[in-house]
Amino acid sequence: MFHNIKYYTRLFIPCQPRWPINISMLKLADIRQVQIELTTRCNARCPMCMRNYRGMDYNSGYPVTELSLADIKHILQPEFLKQLTRGISFNGNLGDFGAAKDGVEIVKYLVEHQVEQQAKVYINTNGSMRTPDWWEQLALPGVTIGFALDGASQLTHSLYRQNTKFSTVIKNAQTFIQHGGRAVWKMIKFDHNVHQIDTCRELSKELGFRDFELQRMQRVIDNMREGCNLDPEYVKLQKANFYKFFNEHDKRRGTGFVRTFPEMYDFWKECEYYAKTK
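Residues numbered from 1 in each chain as written. Predicted model: local features only at pLDDT ≥ 70, side-chain atom pairs only at ≥ 80, totals over all residues. Heavy atoms only, no water.

Looking at unusual backbone geometry
For step 1, the next point in the chain: Even without being a glycine, Arg130 presents a positive backbone phi close to 70°.
For step 2, the next point in the chain: Tracing the backbone through its elements, the reader meets Arg130 in the loop between β4 (121–125) and α4 (132–136).
For step 3, the next point in the chain: For Asn163, which is not glycine, the phi dihedral falls at a positive 75°.
For step 4, the next point in the chain: One can find Asn163 in the loop between α5 (154–160) and α6 (166–178). (Helix = DSSP H or I, 4+ residues; strand = E, 2+ residues; numbered from the N terminus.)

Rendered as structure tokens:
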């Protein structure tokens, strides 16, 4: 089933834990959940996304590819889908589900073959593409969509979710909800939008979102904070590389890291110090 998997975009397959833990080859029968990166295409230009690696021109430096419906049918065959009791999630590192050509058809296929197990399909997206009619088709049993909405207005939302339109995301989410879809409002907390958190939470309730999730942009700091179990010299090097990475990015893109993430100012200055003393 999984031969010639190297050309597929990305699959992350967690297993059902067994105790005691045995270090052995992955067994197909143990798989309970699959995470899929369906495409490397995306319409957005979020500053901390790896799509803009080291300030490269937008959408360059990696292959543009995606999984088709035929690929998914080949990888995730009906008998295998029956054992995925923890579901299937679409959460890309480089691409957005909404940019994939066969997204709707793929979800319909997965739901069709997971009816007995009460299908669980989770989709994370910026939601600022396609028409409302397209999103309506995803209002299927067991499908949950997390829409990235980082503010209560276009001005606030687009500071991080660059190249996306707040009103388009809201309209697409509303259509999905009105046709029975289960939607989650997913918001990243920044200094520039913290004053709108309560407003966003209330708006999510008014519009019929099933849940509101607040997240923080801690993916870098958590790995380099004081007291971590890493060699101090290695941490200094990583901080220096972090500064060089985004300083180059800002110069090439005309962006400003500290303007976008003011809450990271002290961390940024520390990284700058190590970059200039290395």
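From this point, things continue past the structure.
Digging into the pairing of strand β6 (residues 182–189)
For step 1, the next point in the chain: When you tally the buried positions in β6, you get six out of eight residues, the bulk of the element.
For step 2, the next point in the chain: With five bridges joining them, strand β5 (residues 143–148) and β6 adopt parallel strand pairing. Bridging across to β6, Ile145 finds its partner in Ala183.
For step 3, the next point in the chain: In the sheet, β6 pairs with strand β7 (residues 211–216) via six bridges, with the strands oriented parallel. Bridge pairing links Val184 to Asp211 in β7.
For step 4, the next point in the chain: The parallel pair β6 and β7, bridged by helix α7 (residues 197–207), forms a crossover whose chirality is right-handed. (Buried < 20%, exposed > 50% of the residue type's maximum accessible area, 1.4 Å probe, protein only. Pairing = 2+ DSSP bridges. Right-handed = clockwise from strand over helix to strand, strands pointing away.)

Details of the nonpolar core
Soluble globular proteins: nonpolar side chains tend toward being buried together.
For step 1, the next point in the chain: Ranked by internal contacts, the top residues of the largest apolar core, which has 48 residues, are Phe90, Leu110, Phe147 and Trp185.
For step 2, the next point in the chain: For Phe90, the residues in contact, after removing those within four places along its chain, are Ile36, Leu38, Phe97, Ile106, Val107, Leu110, Val121, Tyr122, Ile123 and Asn124.
For step 3, the next point in the chain: Tyr160, Ala240, Phe242 and Cys271 belong to the second-largest nonpolar core, a separate cluster that totals 21 residues. (Core = buried A, V, L, I, M, F, W, Y, C linked by side-chain atoms within 4.5 Å. Contact = heavy atoms within 4.5 Å.)

Side note on the side chain of Lys186
For step 1, the next point in the chain: Relative to the helices and strands, Lys186 is located in strand β6.
For step 2, the next point in the chain: Of note is the side chain of Lys186, whose polar atom sits 2.9 Å from the side chain of Asn124.
For step 3, the next point in the chain: Those residues in contact with Lys186, other than ones at most four positions away along the chain, are Asn124, Gly146, Phe147, Ala148, Leu149, Asp150, Glu213 and Gln215. (Polar contact = N/O pair within 3.5 Å; in protein donor to acceptor, adjacent residues only side chain to side chain.)

Looking at the environment of Lys120
For step 1, the next point in the chain: The residue Lys120 is located in the loop between α3 (103–112) and β4 in this model.
For step 2, the next point in the chain: Along the primary structure Lys120 and Val143 are separated by 23 residues, whereas in three dimensions their C-alpha atoms are 6.0 Å apart.
For step 3, the next point in the chain: In this view, Lys120 contacts Thr85, Arg86, Gly87, Ile88, Gln114 and Gly142; residues no more than four positions away in its chain are not counted.
For step 4, the next point in the chain: A distance of 3.1 Å separates the side chain of Lys120 from the backbone oxygen of Thr85, its partner in a polar contact.

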